[in-house]
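The primary structure of each chain is shown beneath.
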Amino acid sequence: EDKVVQSPLSLVVHEGDTVTLNCSYEVTNFRSLLWYKQEKKAPTFLFMLTSSGIEKKSGRLSSILDKKELFSILNITATQTGDSAIYLCAVRKSSGDKLTFGTGTRLAVRP
Amino acid sequence: GAVVSQHPSWVICKSGTSVKIECRSLDFQATTMFWYRQFPKQSLMLMATSNEGSKATYEQGVEKDKFLINHASLTLSTLTVTSAHPEDSSFYICSARVPDSSETQYFGPGTRLLVL
């Protein structure tokens, strides 16, 4: 059975802190790993990773994939209260478009 | 990014009634759309894959007769929760895959269903 596990489940930090969110996976025929941010409504796309060791960056967010150790991390530097959300990791297999989601990490950034 | 809309955003209904939720891709054509359900403080669970012009593919444990999916055009998929019961109360989210090399799925804003 395919598994996507995120840690920690929840995290509380103060503005300006740096956080690292983890996502490990066990899937057959891995194709890509995606990170989403979910605030009150539906998830918004952050990154898609397919190759090991290549960092993707967007502003204060960055992510990297390790296909040998089967995990990815999402880093957020200089956190702001607007970063408070649930961060979801999902894995896509090479056959089909189905995404398998992890349980998410709930991040709260205090002023 | 691509835009996916859902309607309605909120629905409250009585037990036993049927509820239809629409998912539209606004600026692209989607041959494949996905329907997810999310319970409070839980992750997204894929219910079914909706294919334009053919039958939907349901995940294990999802009743196809209860959750009717119709993908009548390249920009519209509908999910009908038939004879809804309180345990069907949930957040229903659709997504559509942009048909380009990125293969990214974009999500609609979700529909919150409350069955009384």
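Residues numbered from 1 in each chain as written. Chains lettered and ligands numbered in written order. Predicted model: local features only at pLDDT ≥ 70, side-chain atom pairs only at ≥ 80, totals over all residues. Heavy atoms only, no water.

A. The overall build of chain A, seen in detail. Counting secondary structure elements, chain A contains 0 helices and 11 strands. Each helix and strand of chain A, placed in order from N terminus to C terminus, yields the pattern β-β-β-β-β-β-β-β-β-β-β. Rg of the C-alpha trace for chain A: 13 Å, near the compact-globule value of 13 Å for 111 residues, within the 12% margin. Taken along the three principal axes of its C-alpha coordinates, chain A extends 45 × 25 × 20 Å. (Helix = DSSP H or I, 4+ residues; strand = E, 2+ residues; numbered from the N terminus. Rg over C-alpha atoms; globule rule 2.2 N^0.38 Å.)

B. Structural detail: the sheet that holds strand β7 (residues 61-66) of chain A. Residues and elements named next belong to chain A. Read across the sheet, 5 strands follow the order β1-β3-β8-β7-β6 without closing on themselves; strand pairing throughout is antiparallel. Bordering the open sheet on either side are β1 (3-7) and β6 (56-58), each of which pairs with just one other strand. Neighbour to neighbour, the strand axes of the sheet diverge by 15° on average, direction disregarded. As judged from the 6 bridges shared by β7 and strand β8 (residues 71-76), these two strands associate in the antiparallel manner. Its bridge partner lying in β8, Leu65 is registered against Ser72. (Pairing = 2+ DSSP bridges. Axes fitted to C-alpha atoms, helices over the stretch in contact; angles between N-to-C directions.)

C. Representation of the packing of aromatic side chains. Within the structure shown, the criterion is met by 9 aromatic pairs over all chains. When the centroid spacing of 5.9 Å and the interplanar angle of 70° are considered together, the rings of A:Phe101 and B:Phe107 count as edge-to-face. One end of the pair, A:Phe101, is in strand β10 (residues 99-101); the other, B:Phe107, is in strand β10 (residues 105-107), on a second chain. Across the pair, B:Phe107 and A:Phe101 agree in class, each one buried. Aromatic pair B:Phe67 and B:Tyr92: ring centres 6.4 Å apart, planes at 40°, arrangement tilted. With a gap of 25 residues between them, B:Phe67 in strand β7 (residues 67-73) and B:Tyr92 in strand β9 (residues 90-97) connect regions that are remote in the sequence. (Phe/Tyr/Trp six-rings, centres within 6.5 Å; stacked < 30°, edge-to-face > 60°. Buried < 20%, exposed > 50% of the residue type's maximum accessible area, 1.4 Å probe, protein only.)

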